[in-house]
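Observations on the model geometry
Read off the chains here:
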Amino acid sequence: MERIYLDNAATTPLDDEVIDCMVNILKFNYGNPSSTHSLGQEAKTILEEARRKIADSLRVTPGEIVFTSCGTESNNMIIKSAVNYLGVERIITSALEHKCVAETCLEMKKLKGVELVYLRPDSSGDFDLDQLEKALKSSDKKTLVTLMHANNEIGNILDIERVAHICKENNALFHSDTVQTMAHLDLDFSKIPVDFASCSAHKFHGPKGAGFAFVRKSSGLKGIITGGPQERSLRAGTENVTGIAGLGKAWEISQDKMEDYKNHILGIKHYAIQQLKEKIPGIKFNGRSADNSSLYTVLNILIPYKNPLIGLQLDMKGIAISQGSACSSGASKPSMVLMSVLSEDDLDNATPVRVSFSHFTKRSDIDAFVSALQEIGESFVIEKADSVHR
Ligand code: PLP
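Sequence positions are assigned chain by chain, starting from 1 and proceeding in written order. The predicted origin of the model limits local features to residues at a pLDDT of at least 70 and limits the giving and counting of side-chain atom pairs to 80 or more, whereas totals for whole chains, interfaces and linings rest on all residues. Side-chain metrics rest on all non-hydrogen atoms present in the structure, leaving aside hydrogens and water.

Looking now at the sheet that holds strand β9 (residues 284–285). By definition, two strands form a pair when at least two bridges between them are found by DSSP. Every helix listed is a DSSP run of H or I at least four residues long, and every strand listed is a run of E at least two residues long, numbered separately from the N terminus. One open sheet accounts for three strands, arranged β9-β10-β12; its pairing is antiparallel. Sheet topology places β9 and β12 (351–356) at the edges, where each strand pairs with a single neighbour. Sheet analysis places β9 next to strand β10 (residues 298–303), joined by two bridges and oriented antiparallel. Pairing of Lys284 across the sheet is with Leu302, part of β10.

Below is the structure:
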């Protein structure tokens, strides 16, 4: 059975060039970057080259890139350290954040008594930024604003440049979870005054287990993993040289090919929208995911009947999609994001499905997905009719 992968917001397949680069390093560059001998220094050079490439594209200095194991670790480190070391007493966030941000904020409330303020999204999943300004002006407490750049489920993009300026004007720190946009959009942090951001290599054809936190030089943030002086003491522990080299390679490819990949993926997304509208009567799209303003890799669909088994049925046909966010797929309860943007009627009587694309996605993958949905829809209607007659 041919496998069709439409779950690229959860993770992406590795690029061949990334695999080759990592295999070489596994075989030959086994030195510890902290060792002073030449094998160690070669490993150190590999790390610093990856760091420089990333820093150049983000228009920041290499010292502002801290390698971590993933997006979750980066977000944890930033939020926990802002509370522990920067005197943050209040966090402004939203119900649409990824679990690794949402749960960390809740923990900071429980353990440190941090006040949590949630911005309310509208029914499309967007935020009125006047709400943020009002919240910022309503208290003198030292505040961290944490709002994601692009939503991993519905693809809404936040104007982080504007949010960063609002935060600066109101003396607040700003962290953005940029896991879904790093290496997919051109981010220029010399223009966007964000204090902290996060990245995960496996979202753009790099390996799992490698990511980084962007930590603005002047911020004073400290690490939460203590030990050796690695990563300028912001993240102790021997570096994952192979993973970081893979991250650097995947980063380099995605910077070189960003426009080509974006055009290809947008073509796929528009084709998917058009085919779904034509072949699945009553189909709708959630959040802003079908709008041109959304993240081009994500499309969140509302199938016009209730079928909690749809993910499993598609999987049996060789098609991988997501029914919630990656971490909570398999859970029968809709995610907080879907609960925020769907009406009660839609939650009761329809089925949300997220498909997400990469430059490997082909039009024939979309054709197979749409015809599988048609088949499932037809058998579903017959089964329902049968059960009514029984
Ligand atoms: N933030 C967002 C928006 C994500 O989509 C994800 C992964 O799904 C993460 C954070 C967590 O990243 P990682 O899987 O690298 O821990």
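This part takes up the pairing of strand β7 (residues 196–200). β7 sits mainly inside the fold: five of its five residues count as buried. Pairing of strand β6 (residues 173–176) with β7, which is carried by two bridges, proceeds in the parallel orientation. The residue of β7 that forms the bridge with Ser176 is Ala197. Buried, partly exposed and exposed residues are distinguished by accessible area as a fraction of the type maximum, computed with a 1.4 Å probe on protein chains only: under 20%, between the cut-offs, and over 50%, respectively.

The local shell around the ligand holds 14 residues, among which Thr72, Asp177, Gln180, Ser200 and Lys203 are the closest. Each polar contact in these results corresponds to two N or O atoms within 3.5 Å; when the atoms are within protein, one needs to be able to donate a hydrogen and the other to accept it, and residues that are neighboring in sequence are counted only if both atoms are side-chain atoms. The separation between an oxygen atom of the ligand and a polar main-chain atom of Gly71 is 2.9 Å. For the ligand, whose unbound accessible area comes to 390 Å², protein coverage reaches 92%. It is helix α3 (residues 71–86) that provides the largest number of residues to the shell around the ligand, a total of three residues. Classification used: nonpolar for Ala, Val, Leu, Ile, Met, Phe, Trp, Tyr, Cys and Pro, charged for Asp, Glu, Lys and Arg, polar for all others including Gly. Grouping the constituent residues of the shell around the ligand by class yields four nonpolar, eight polar and two charged. Throughout, the term near means that a residue has one or more heavy atoms lying within 4 Å of the molecule or strand in question. The protein chains shown are the only cover counted for residues, whose accessible areas, like all others here, come from Shrake-Rupley with a 1.4 Å probe.

Here we come to the packing of aromatic side chains. Any two of the Phe, Tyr and Trp rings considered here, Trp counted by its six-membered ring, make a pair once their centres fall within 6.5 Å; the pair's planes then place it as stacked at under 30 degrees, edge-to-face at over 60, or tilted in between. Taken as a whole and assessed by the stated rule, the structure comprises three aromatic pairs. With centroids separated by 4.9 Å and ring planes inclined at 45 degrees, the aromatic side chains of Phe189 and Phe214 adopt a geometry described as tilted. With Phe189 in the loop between β6 and β7 and Phe214 in strand β8 (residues 211–215), the pair connects residues that are 25 residues apart, well separated along the chain. Aromatic side chains Phe204 and Trp251 sit 5.9 Å apart centroid to centroid with 75 degrees between the ring planes, which places their arrangement in the edge-to-face category. Remark: Trp251 occurs in helix α7 (residues 241–256) and Phe204 occurs in the loop between β7 and β8; sequence separation between them is 47 residues.

With respect to the helices and strands, the residue Asn29 is situated in the loop between α1 (16–28) and α2 (38–58). A contact between two residues is defined here by any heavy atoms of the two lying within 4.5 Å. For Asn29, the contacting residues outside a window of four places in its chain are Asn24, Glu42 and Ile46.

For the rest of this paragraph, the subject is the sheet that holds β7. Adjacent strands of a sheet pair through backbone hydrogen bonds, lying either parallel or antiparallel. Taken together, the seven strands give an open sheet; going across it, the order is β2-β8-β7-β6-β5-β3-β4, and neighbouring strands pair in mixed fashion. Edge strands, defined here as strands with exactly one partner in the open sheet, are β2 (65–68) and β4 (115–119). The average angle at which neighbouring strand axes cross in this sheet is 20 degrees, direction not considered. Each of β3 (90–94), β4 and β5 (143–146) is contacted by helix α5 (residues 129–137), which is oriented at about 165 degrees to β3, the strand it contacts most. Axis lines are fitted to C-alpha atoms, over the contacting stretch for helices. Their N-to-C directions set the angle, which ranges from 0 to 180 degrees.

What follows is about the domain arrangement of the chain. An automatic or database domain assignment provides the domain bounds reported here. Here the chain is partitioned into domain 1 (4–12 + 258–389) and domain 2 (16–256). Between the C-alpha centres of domain 1 and domain 2 there is a distance of 29 Å. Residue-level contacts link 30 residues of domain 1 with 33 residues of domain 2. Throughout, buried area stands for the accessible area (probe radius 1.4 Å) lost by two parts on being put together, summed over both. Of the roughly 2600 Å² buried at the junction of domain 1 and domain 2 (both faces included), carbon and sulfur atoms supply 55%. When the buried area of domain 1 at its contact with domain 2 is split by residue, Met258, Leu295 and Val337 rank highest and sum to 27% of it. Just to be clear on terms, a salt bridge is a Lys or Arg side-chain nitrogen sitting within 4 Å of an Asp or Glu carboxyl oxygen. Across the contact surface, domain 1 and domain 2 share one salt bridge. One salt bridge connects Asp126 with Arg288, and the closest N-O pair in it is separated by 2.6 Å. Counting across the interface, domain 1 meets domain 2 through 18 residue pairs in polar contact (both at pLDDT 80 or more). Secondary structure elements with two or more residues in the side of domain 1 that touches domain 2: α8 (258–279), β10 and α10 (336–341). Of all the elements, α10 adds the most residues to the side of domain 1 that touches domain 2, at five residues. When the residues that make up the side of domain 1 that touches domain 2 are grouped by side-chain class, the tally is 13 nonpolar, 15 polar and two charged.

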